[in-house]
Amino acid sequence: MVEHGDIRVVHRGGSKINFREPVLSHDSRLLLCASGECVKVFSSSTEECVHDLQGHTDLVTGVLLNPSNHLQAYSCSADGTVRLWDFTDGILIKVQLHCHHVSVQPLSVSVFSLLMCMCVTLTRLLSSSQGEYIASAKGLHLEVYFFKKQKFSLKEDNKKGAKNTFTCLSCHPKDDCIATGHEDGKIRLWRNFNHKREYTYSTLHWHHSAVSSVRFTPEGTNLLSGGVESVLVQWRYNQETQKDFLPRLGAAITHIAVSPDGELFCTAHSDNKLTVIQSCVKVSAVIQGLVKGESVRTDLMVDPRSKALVLNGKPGHLQFYSLQRDKQLYNLDIVQQEYIHESGLQQFEVVKAAFDTRGNWLATVEERKQKDSTLELNLKLWAYDEQTQSFVLNTTVSGPHEARITAMCFCHTADSQTTMLVSASQDGHFKAWQLESNHYFYEGPFWSCDFVGAYHSLVPECCCFSADGSLLAISFQEVVTVWSPASWELLTTLSQPPGAIRDLCFGRQSCSKYLLGTTAKNLLCCWNLLTCTLEWSTSMDVSLLLSDPLSENMAAFCSHAGCTDLFVFKPSEPRPLFSHKAICSGKVTRAVFAPREEMLESCEESSQWLNRSQLYFLTQYMVNIPLVIDDSVAVTPFYLLLGKHRQQQQEKQDRSFSAERNQLPQGSVAIKELLHTPAHVLPSASFLCSMFVRSLLISEKKSEEEEMESDKEEESECEMEASTMGQGQTAEAQETAAPALTKAQARELRRVKKLDHSWLSSLLDS
Amino acid sequence: MASFKPTKIQVYPKLGEKVTQDTLYWKNYKAPVQIKEFGAVTNIDFSPVAPHNYAVTAFTRIHIYGPFSQEPVKSFTRFKDTAYCGRFRSDGQLLVAGCEDSVVRLFDVSGKVALRMFKGHTKAVRVTDFTSDRYHILTGSDDYTCRLWDIPNSTELTSYQEHTDYIRCGITSKLNRDLFITGSYDHTLKLFDARVNKSVMTMDHGQPVESLLLYPSEGLLVSAGGRYVKVWDLLKGGQPLVSLKNHHKTVTCLCLSSNGQRLLSASLDRHVKVYNTTNYKVVHNFDYAASILSLGLAPDDESIVVGMTNGILSIKHRKSSEETKEISGQQKRRPAYRVFVKGKNYVPKQDDYLVSKPVKQHLAKYDKQLKRFNVSKALDTALETWTRFRKPEITVAVIKELDRRGTLKNALAGRDERGLSQLLNFLVGNLVDPRFAPVLVPATEMILDIYQSVIGQSPVVDVQLQRLQDLLEREIGYQQDLLEVLGMLDTMFTSSLPRKEVPCSGISRPNGLAQGDASAPGPQPQAT
């Protein structure tokens, strides 16, 4: 009965929300921003995502309010279309196809017509509010186009290496004044430009590096500017010596937007964040997306407590990101230092992080490498505090190793008394850290070094604990050493030259006697730890190997010819459980198995491995496909119900002639309706339940009856059947005769007819 | 908007001894009062009765000091030669002392002239003591004899001639009037019973015995001689219990703290060590300026009196609990309680609109400057005299923070002679500290780069630079020595570790070449 759901890759969000300037609605309640292939509508007060305007098939390049209707907005995309939306209800109104296949960027709307500009190389374009002219800046030129007159050009001389390149501009809503931002941090106010050769400008200077956005408020009384310093500066128009600051906004400001009534400002930041600021220069809301720095230095992890995805976020922080809600839960400040917003400065970065099994401890490594000075390393251990529901710093080890830490892992035993952390470093040593209870100097438990090990002064590359915590495998280039953490004895060495070990993984559950390793020379090896021999090995270029913590399955990503293939296998079985060719283009850099909230009961062999957990992976081109999920179609009770009805109706349609039913393309609309209908309007659960139970039974004999009755009656048939089980025989006897109903049945029918079942009809029609 | 994150000051564990209950107890003494005597202080004895005056025997005099006076309450000067071992009787009325001229003198504490003179010894009398019945005196002399004298008749009762060398210490039992113990340079301790005419027990200390001590229960005897302190169980027939060797010179004096839980030993190595009497571990240590000859502890450990070879008497009084409180009270003068509770207990009414007061973040002075990006001023604040000397980690943390911001060079540049010499002074003091060196070495290099051009213009700065150079040369020498020692230790450890073959799987070592590599000791566990 259950349809086999294909395993497919689903984009699970985490897209940029700071790509283009956000737009505030007229009443300042809603905030629109382009996010990947859709437009997101946020509430500016509660920070929640209200609507997801989906429809574009490529990157959305701009969003703009419709000047003639304040409840509508235009969006344009790289797929060449412009769409008009009712953003309060999330409905698509109109699609305008644009012939050109260049990215379209509407920048301004004049009073009478929608103006669109092809932006290929232009920096910025803006028109004045009266719609008299358009200003555009490119390189060292500022050009003003008058609608009535001809083009007018202003030129800024590049004198003596001064970096005068234009970066942004804004037109004053009332006066003839254009504010431009420059790369050297200056803001120039241009005036009197409608007379040839007589233009003047004045300069404002506060920013120390490039101004990334300038914006006049709707009344024209203030000018807002922002840049890499992450300080929002508010200049008084005509009294430029007075200015207000809003410092420490977290990351460099990329865009500034102002609501049409001037009540709210909104700044977009380089760390994928939108900040809503009240006009009294006070932050009122922060909308934070998934932060993607230059690279994901820490591995992807799943917090055992909150089931959130954990990776390094903005500099010096670890972000906890909810996979279900596509929302950042919180940021954990690891470095705990004032971040200096200045380009070219070496900052501390979180490079490694690890959780223990129960989520009680978090270990992080931060490093800072300054040219021609020693590497600064800090190992920090964080304890989970039940009261504050977050991690609290317990121990800081400054300089745990002399060189970079290559791998770090916690001992995975759930029931052991002692917790252990192993870190391996490029200085040729690995260290075991253990929780100690008492010391004369420190109160409470703290971590200290328990053991330092080395092997032939080779560099340890990866380390892994077995599932029961009794073995520790550490790879030294092409040799795998197996240690006993209880006595710190070297038990055995395994090696498969040539090629250094790239990844190391112990089998889980029934396969815990196997140790798997991948080498740089395209080999996947599996050693049996009972016999200390190579069980099997196969030649494949595995770029990433990981094991599911909840089952014995392993996933291997193999990259070749620009694509990545996924194999899921059990170490004990020669045949892979699942394989998917070309799961994505480019290399998969990070992946993680995330446990499902509730287990699935899929019996299909190829999708069984996804019953307990989902596989998330991160590709190289994070900008386009940031986070992808491998998932089978969810099998829910509703799916069962609908699937059955659909099949029944299919049969019916074959036989009967009541062809009025129009099949909906998919059951999702009915499900959505069912789920979105408020609970107080729905029929009682007992009513739904009995229907559901009936639907599970095979109802061959009722087919003729069903033919004659409408949808509603079919539903009532189910009801009737449930209520009059004893009369089943009589009903059957009457089947061949005219459908004369018993009194009880007639009453029941009437009662059912009175109920409003319109939603159910659509459900059944589907 | 996040608030300013203050500079993180690294917390370093305090080096040196750990803080225990004992350390707190024995540290709770005031600065010592020092009194110059005429010669080496050989004996200190506390009067058993209040106000617990103490007799100090030094050269030809015995001074009696009151518990708090720095001037002697009383002096006995009628000795022809060096006096020895002035001791009080258990009622505190009489005092007995031996002398180099072999005469034993008995004084009334209130009088001046000797009440009795006991003549009979042929050489210097180094040991005198009263028996517990108060009527007899025990003496021990360099003529190898010890004698008992009757006070009323001033006659000799018995003489024991069993020791074969000088008798330099002796003690009478406080519980039995007939028992006394003497220690001699012939390495033996002898327990005598006055009722029989020979010793009843002999113990071999192994070194010339310098001092004896009986526990209040008199079941245990402590003897000191050479570098050893030994404890004997008298009830088991003089069985040795423990032997302690914590001093590196002769132990000269023993003392028991008032509750009997701690044993103190003083030595010529200028240390006084405090032992726990249950496990005989050293729990505390006092250092003195010169070799210690005598030690006295007032009842209830109210004061520790130490006499040294250079004639200095050092007295440490215990801090009274009021005083310690007073000092802490003065340091932390705070507003009154009602200032804090003012308005706090106000319950808002039903329609009141609560306006929360913004909490103002308190920042240190240097953080305030850092927040405003005033880098030079921030460094100036961190280099203030108190911070520089008392909390160098703050200065180092600020330098580190400036380095992280990339503005250390700006902060260091543009200093005048005073500022620069202050900075160099700090570097000379802390550069070689291994905790600070990673931060300070780049800073020093920067300073040298910046001020290279002005070297030779100021004598003050030049002196500091010279000091810095000397310091670095010395440090390089130390490092070289340490590396040599490390190399030696490595060789020793490698040869002493048992070689263990690691089982290898058959396929992992395909050829003999790899085997040769494996013959070197594989894993080198290093204990940390």
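Residues numbered from 1 in each chain as written. Chains lettered and ligands numbered in written order. Predicted model: local features only at pLDDT ≥ 70, side-chain atom pairs only at ≥ 80, totals over all residues. Heavy atoms only, no water.

## Re the packing of aromatic side chains
Then step 1. For the structure on display, the rule yields 32 aromatic pairs over all chains.
Then step 2. Between Phe320(A) and Tyr330(A), the ring centres sit 4.5 Å apart and the planes meet at 10°, which makes this aromatic pair stacked. Taken together, the residues span a long stretch of sequence, with Phe320(A) in strand β28 (residues 317–322) and Tyr330(A) in strand β29 (residues 327–333) at a distance of 10 residues.
Then step 3. Among the residues examined, Phe320(A) registers a relative accessible area of 0% and is labelled buried.
Then step 4. Ring centres of Phe79(B) and Phe107(B) lie 5.6 Å apart, and the angle between their planes is 65°; on these two criteria the pair is classed as edge-to-face. Highlighted residues: Phe79(B) in the loop between β5 (72–76) and β6 (83–88) and Phe107(B) in strand β8 (residues 104–108), separated in sequence by 28 residues.
Then step 5. Its relative accessible area of 8% is what places Phe79(B) among the buried residues.
Then step 6. Between Lys230(B) and the ring centre of Tyr228(B), over which it is positioned, the NZ or CZ distance is 5.5 Å.
Then step 7. Here the guanidinium or amino end of Arg405(B) rests over the ring plane of Phe373(B), the centre of that ring lying 5.4 Å away. (Phe/Tyr/Trp six-rings, centres within 6.5 Å; stacked < 30°, edge-to-face > 60°. Helix = DSSP H or I, 4+ residues; strand = E, 2+ residues; numbered from the N terminus. Buried < 20%, exposed > 50% of the residue type's maximum accessible area, 1.4 Å probe, protein only. Lys NZ or Arg CZ within 6 Å of the ring centre and 35° of its normal.)

## Details of the environment of Glu573(A)
All names here are of chain A.
Then step 1. Positionally, Glu-573 belongs in the loop between β48 (563–569) and β49 (578–585).
Then step 2. Classification of Glu-573 as partly exposed rests on a relative accessible area of 34%.
Then step 3. Glu-573 sits 62 residues away from Cys-511 along the chain, and the two C-alpha atoms are 9.7 Å apart.

## A closer look at the UniProt feature "domain: C2H2-type" (unreviewed entry) in chain A
Then step 1. In this numbering, the UniProt entry assigns the feature "domain: C2H2-type" (unreviewed entry) to residues 33–56 of chain A.
Then step 2. Between the C-alpha atoms that bound residues 33–56 of chain A there is a distance of 14 Å. The span itself is 0% helix and 62% strand. (UniProt positions renumbered as here; feature names shortened; annotations may be inferred.)

## A closer look at the confidence of the model for chain A
Residues and elements named next belong to chain A.
Then step 1. Summary statistics for chain A give a mean pLDDT of 75 and a share of 73% for residues scoring 70 or more.
Then step 2. Confidence drops under pLDDT 50 across residues 623–666; counting only partners more than four residues distant or on other chains, this segment forms 109 contacts.
Then step 3. Note on residues 701–738: pLDDT under 50 across the span, and 41 contacts to partners over four residues away in sequence or across chains. (pLDDT = per-residue confidence, 0-100. Contact = heavy atoms within 4.5 Å.)

## Quick notes on the side chain of Glu229(A)
Residue and element names in this part refer to chain A.
Then step 1. Note on placement: Glu-229 falls in the loop between β19 (222–227) and β20 (232–236).
Then step 2. Accessibility expressed as a relative area gives 7% for Glu-229, which makes it buried.
Then step 3. Within polar-contact distance, the side chain of Glu-229 engages the side chain of His-207 at 3.1 Å.
Then step 4. Side-chain polar atoms of Glu-229 contact the backbone nitrogen of His-208, separated by 2.7 Å.
Then step 5. Leaving out residues up to four positions away in the same chain, Glu-229 has contacts with His-207, His-208, Ser-209 and His-341. (Polar contact = N/O pair within 3.5 Å; in protein donor to acceptor, adjacent residues only side chain to side chain.)

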